[in-house]
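# Structural overview for review
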Amino acid sequence: MKQLFTLLLATIAFVACTHNDVEELTAKREYSSETLTIGFENNDTETRIQLNEAQKSVWNRGDEVSVFYRSDANQRWQYQGEDGESVGVLHCIDAGTATVETTRVVAIYPYNTDYGFNPETYTIQATLPAVQSYKQASYGANANIMVSSGDSHHISLKSACGWFKLQLTGSGEKVQSITLRGNNDEMVVGALLIDSSDATATLTSTMSNEVMLDCGEGIVLGAESTSFYIAVPPQTFEQGITVEIKDSEELTMTLSTDAAITL
């Protein structure tokens, strides 16, 4: 434990997921009833699905979104364009089964067959996973839940989550996993009820007060800092947080702060 502690330098960044007004997207795309054009509302911040080199939200080919297209059917829509687009044209590849018609289009990233959708309030119930997977310089796949609703074919996603950014340096150590918990036992994993109109989210049931970032076969640290991102429900961590970093040798380093953090 002491060896890992002395070899690593770490800083933690706490970033709120703000829902500020932004200018309407100006990209003009042709669309038909078989396509949706979807962008990202907070693309001037680090709120995103996946990052490009400029720290902007971008689509990657094969990304999929659940769309409740003027009904309660959970449809599967897919981006089939080139990697790196900030505004993507998505196509429906599974229309699902509708039982109730609605007047709006609701989109949720990532696609999931288990989303609960209320066609009267346009709210979504989704689960934030207890184990998230590392992705280089970005959120892990499926970790950051983003939503939107509108009455046209052109809508913009915004994040329903807050997030923590952990930056680590070292000299060849391999990070296997990172576990985060609130010092006041705040719940960080569970079912979220999300208002699709403004992406506000609240926990409706809790599963755990810990969330883990799984780094797979391990991420090797060097002199240049490596960033790790963990998505959590937006809330205040009254007594700060504790982070445990485990390396490939099962050694653990613990970082902690007692300052209140609001996401």
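Residues numbered from 1 in each chain as written. Predicted model: local features only at pLDDT ≥ 70, side-chain atom pairs only at ≥ 80, totals over all residues. Heavy atoms only, no water.

### Structural notes on the overall build of the chain
- Counting its secondary structure elements, the chain contains one helix and 23 strands.
- Every one of the 263 residues in the chain was classed for burial, and the buried ones make up 46%.
- For the chain, restricting intrachain contacts to residue pairs at least 6 apart in sequence, the fraction spanning at least 24 positions comes to 69%.
- Surface exposure of the chain reaches about 12400 Å², of which carbon and sulfur atoms provide 45%. (Helix = DSSP H or I, 4+ residues; strand = E, 2+ residues; numbered from the N terminus. Buried < 20%, exposed > 50% of the residue type's maximum accessible area, 1.4 Å probe, protein only. Contact = heavy atoms within 4.5 Å. Areas by Shrake-Rupley, 256 points an atom, 1.4 Å probe, with all protein chains shown as cover.)

### Observations concerning the packing of aromatic side chains
- With the rule as written, the count across this model stands at seven aromatic pairs.
- Taken together, a centroid distance of 5.5 Å and an interplanar angle of 70 degrees make the contact between phenylalanine 164 and phenylalanine 237 edge-to-face. Here phenylalanine 164, found in strand β14 (residues 162–169), pairs with phenylalanine 237, found in strand β20 (residues 236–237); they are 73 residues apart in sequence, far enough to count as distant. The exposure classification of phenylalanine 164 matches that of phenylalanine 237, with both residues buried.
- Through successive ring pairs, a cluster of aromatic residues spans Phe68, Phe117 and Tyr122.
- Note that arginine 70 overlies the ring of tyrosine 69, its terminal NZ or CZ placed 5.5 Å from the centroid. (Phe/Tyr/Trp six-rings, centres within 6.5 Å; stacked < 30°, edge-to-face > 60°. Lys NZ or Arg CZ within 6 Å of the ring centre and 35° of its normal.)

### Some details on the layout of surface pockets
- Computed from the structure, the second largest pocket encloses a volume of approximately 170 Å³.
- Across the lining of the second largest pocket, the residue classes tally to six nonpolar, four polar and one charged. (1 Å grid on protein atoms, 1.4 Å probe; cavity = no way out; pocket = protein on both sides within 12 Å on 5 of 7 lines; lining within 4 Å. Points joined across faces, edges and corners; volume = space filled by probe spheres on them. Nonpolar A, V, L, I, M, F, W, Y, C, P; charged D, E, K, R; others polar.)

### Focus on the side chain of glutamine 132
- Within the secondary structure layout, glutamine 132 lies in strand β11 (residues 131–133).
- With a relative accessible area of 3%, glutamine 132 lands in the buried category.
- With near-sequence residues (within four places) excluded, glutamine 132 lies in contact with Ala143, Val211, Met212, Leu213, Asp214, Tyr229, Ile230 and Ala231.

### A word on the sheet that holds strand β13 (residues 154–159)
- One closed barrel holds the seven strands; their spatial order is β2-β7-β6-β5-β8-β12-β13, and the pairing between them is mixed. This sheet shows a mean twist of 35 degrees between the axes of neighbouring strands, independent of strand direction.
- The pairing of strand β2 (residues 35–40) with β13 spans four bridges and is classified as parallel. Looking at the pairing, glycine 39 lines up with serine 156 of β13. (Pairing = 2+ DSSP bridges. Axes fitted to C-alpha atoms, helices over the stretch in contact; angles between N-to-C directions.)

### Observations concerning the confidence of the model for the chain
- When pLDDT is averaged along the chain, the result is 80, and 81% of the positions lie at 70 or above.
- For the stretch residues 1–33, pLDDT sits under 50, and the model shows 76 contacts to residues farther than four places along the chain or on other chains.
- Considering only residues more than four positions removed or in separate chains, one finds that residues 43–51, a stretch of pLDDT under 50, has 48 contacts. (pLDDT = per-residue confidence, 0-100.)

### Quick word on the pairing of strand β7 (residues 88–94)
- Pairing between β2 and β7: four bridges, direction antiparallel. Along β7, the bridge assignment pairs threonine 37 with valine 89.

### Observations concerning the environment of glutamine 176
- Looking at where glutamine 176 falls in the secondary structure, it is placed in strand β15 (residues 174–182).
- When the C-alpha atoms of glutamine 176 and tyrosine 134 are compared, they prove to be 9.9 Å apart, with 42 residues separating the residues in sequence.
- In this structure, glutamine 176 is in contact with Leu213, Asp214, Cys215, Gly216, Glu217, Gly218, Lys246, Asp247 and Ser248, ignoring residues within four places of it in sequence.

### Quick notes on the sheet that holds strand β9 (residues 116–118)
- With respect to topology, four strands assemble into an open sheet ordered β9-β10-β16-β17, the strand pairing being antiparallel. Every other strand in the sheet has two partners, leaving β9 and β17 (201–208) as the edge strands with one partner each. The average angle at which neighbouring strand axes cross in this sheet is 20 degrees, direction not considered.
- Taken together, the six bridges between strand β16 (residues 189–195) and β17 define a ladder with antiparallel strand orientation. Bridging from a neighbouring strand, leucine 192 pairs with leucine 203 of β17.

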